[in-house]
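Now for the letters of each chain:
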Amino acid sequence: MNKLFFFLLCFSPLWAVASESLSLDSAPVDVYDQPSLQRGARLYAEYCQGCHSLKYMRYSRLVRDAGMDEAAVLKDFLHGEGAIGDVMTTGLTKENGVSWFGVAPPDLSLTVRARGADWVYTYLRSFYLDPSKPTGVNNLLFKDVAMPNVLGELQGQQERVVEEGWNGHKSYKLSLVQPGRMDAEQFDQAVGDLTNYLAYVAEPAQLERSSLGKWVLFYLVILMVVLYKLKKEYWRDVDADIL
Ligand code: HEC
């Protein structure tokens, strides 16, 4: 019976779908890594904020949660304009977004929650040259994406290579055809920092929640000690023979 099931599974259409879907690379997310959050925030401001807002993220959080210096945030992120309590908006209006890209670049505050960190990490590294597209690029994970390859100067340019498997299924790989300013390892780290920052932005409360968790555990341990003593007290006068 098991063998039959296995046989059916091998030749089921499900298998065909699975073998064509792209596997996601795992994102190095650690929201307690403040230097990584800082690098990610800087990359975001330089390469993404021109099009994407983070409407729930205040600059002051960079000081509180990412450990940045307030003066540096005011100077490097706000360029002397606006207040530390402002949220991270973009200069791009919806109308311009639609007329330039066909679709307005979405706010990225909750993207990691909606798509997952691994998806974002893989997506940002999966652009490849496609002259048939208005932006000159396409994306393995997000077919016919309207976003240009904004990190191309760092990563370089990739081409899509088609590989045919033993069962006739095609799989796609990307290969670097033009180097960028970073090598593969540096680029993966930069995108990792960026994804880590977006993972933090998607749920800033996770920092507080887990520090609260420690206090809850501490409280439970103390409570256990007290209850144990209480139990001893209650049973003290009971004759051991009865038990
Ligand atoms: C020049 C404008 C522009 C810049 C700069 C830009 N993007 Fe985009 N981005 C877009 C557009 C337009 C889309 C919508 C694509 C679509 O729906 O086809 C998009 C989509 C996305 C998505 C997919 C969102 C979703 O859930 O569908 C992610 C993630 C993303 N961008 C991340 C980034 C990051 C990170 C950066 C900075 C490294 C960045 N973008 C810089 C224009 C931009």
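You'll find the structure just up there.
Residues numbered from 1 in each chain as written. Predicted model: local features only at pLDDT ≥ 70, side-chain atom pairs only at ≥ 80, totals over all residues. Heavy atoms only, no water.

### Quick word on the coordination of the iron atom of the ligand
Looking at the iron atom of the ligand, one finds its protein donor set to be H52 (NE2) and M147 (SD), positioned 2.0 to 2.2 Å from the metal centre. For the iron atom of the ligand, the six donor atoms in the first shell make angles of 87 to 179 degrees at the metal, so the coordination geometry reads as octahedral. Taken together, the residues span a long stretch of sequence, with H52 in the loop between α3 (34-47) and β1 (54-58) and M147 in the loop between β4 (137-139) and α9 (152-155) at a distance of 95 residues. The class of M147 is buried, set by a relative accessible area of 18%. (Donors = N, O, S within 2.8 Å, 3.2 Å for Na, K, Ca; no water. Tetrahedral: all angles 85-135°; square planar, octahedral: opposite > 155°, others 65-115°. Helix = DSSP H or I, 4+ residues; strand = E, 2+ residues; numbered from the N terminus. Buried < 20%, exposed > 50% of the residue type's maximum accessible area, 1.4 Å probe, protein only.)

### Some details on the environment of T122
Relative to the helices and strands, T122 resides in helix α8 (residues 117-124). Residues T122 and L22, 100 residues apart in the sequence, show an inter-C-alpha distance of 9.6 Å. Here T122 is in contact with L22, S23, L24, D25 and L141, once residues within four sequence places are set aside. At a separation of 2.7 Å, a polar atom in the side chain of T122 contacts the main-chain carbonyl oxygen of D118. (Contact = heavy atoms within 4.5 Å. Polar contact = N/O pair within 3.5 Å; in protein donor to acceptor, adjacent residues only side chain to side chain.)

### Quick notes on the nonpolar core
Of all hydrophobic cores here, the largest spans 44 residues; its most connected members are L54, L62 and Y197. For this core, the secondary-structure elements that each account for two or more residues are α3, β1, α5 (70-77), α8 and α10 (184-202). Counting residues per element, this core draws most heavily on α10, at 10 residues. Ignoring sequence-local partners within four residues, the contact set of L62 consists of A41, M57, G67, M68, V73, F77, M88 and Y197. (Core = buried A, V, L, I, M, F, W, Y, C linked by side-chain atoms within 4.5 Å.)

### Structural notes on the pairing of strand β6 (residues 170-179)
Consecutive side chains along a regular strand alternate between the two faces of the sheet. With nine bridges connecting them, strand β5 (residues 156-164) and β6 associate as antiparallel partners. Looking at β6, one finds that Q158 is bridged to L176. A loop of five residues connects β5 with β6, the two strands running antiparallel in sequence, and G168 in this loop sits at a positive phi of about 85 degrees. (Pairing = 2+ DSSP bridges.)

### Observations regarding the packing of aromatic side chains
Throughout the structure, instances matching the rule amount to eight aromatic pairs. Summarising the aromatic geometry, the rings of W119 and Y123 are spaced 4.9 Å apart at their centres and angled 10 degrees between planes, so their arrangement reads as stacked. You can see W119 and its partner Y123 sitting in helix α8, four residues apart, about one turn around the helix. Neither W119 nor Y123 differs from the other in exposure class; each is buried. Residues Y123 and F142 carry aromatic rings whose centres are separated by 6.0 Å and whose planes lie at 45 degrees to one another, so their mutual orientation is tilted. Here Y123 is found in helix α8, whereas its partner F142 is found in the loop between β4 and α9, with 19 residues between them in sequence. Members of the aromatic cluster, joined through ring pairs, are W119, Y123, F127 and F142. Between R115 and the ring centre of W119, over which it is positioned, the NZ or CZ distance is 4.1 Å. (Phe/Tyr/Trp six-rings, centres within 6.5 Å; stacked < 30°, edge-to-face > 60°. Lys NZ or Arg CZ within 6 Å of the ring centre and 35° of its normal.)

### With respect to the site of the ligand
In the neighbourhood of the ligand, 21 residues make up the surrounding shell, with C48, C51, H52, R115 and M147 lying closest. A distance of 2.8 Å separates a nitrogen atom of the ligand from a polar side-chain atom of H52. In the environment of the ligand, an oxygen atom lies 2.8 Å from a nitrogen or oxygen atom belonging to the side chain of R115. Of all the elements in the fold, those that place two or more residues in the shell around the ligand are α7 (111-115) and α8. (Near = heavy atom within 4 Å.)

### Quick word on unusual backbone geometry
The phi torsion at H79 lies on the positive side, around 50 degrees, for a residue other than glycine. Topologically, H79 is positioned in the loop between α5 and β2 (87-88). Judged by its relative accessible area of 59%, H79 is exposed.

All quantities given are derived from atomic positions and should not be read as evidence of function.
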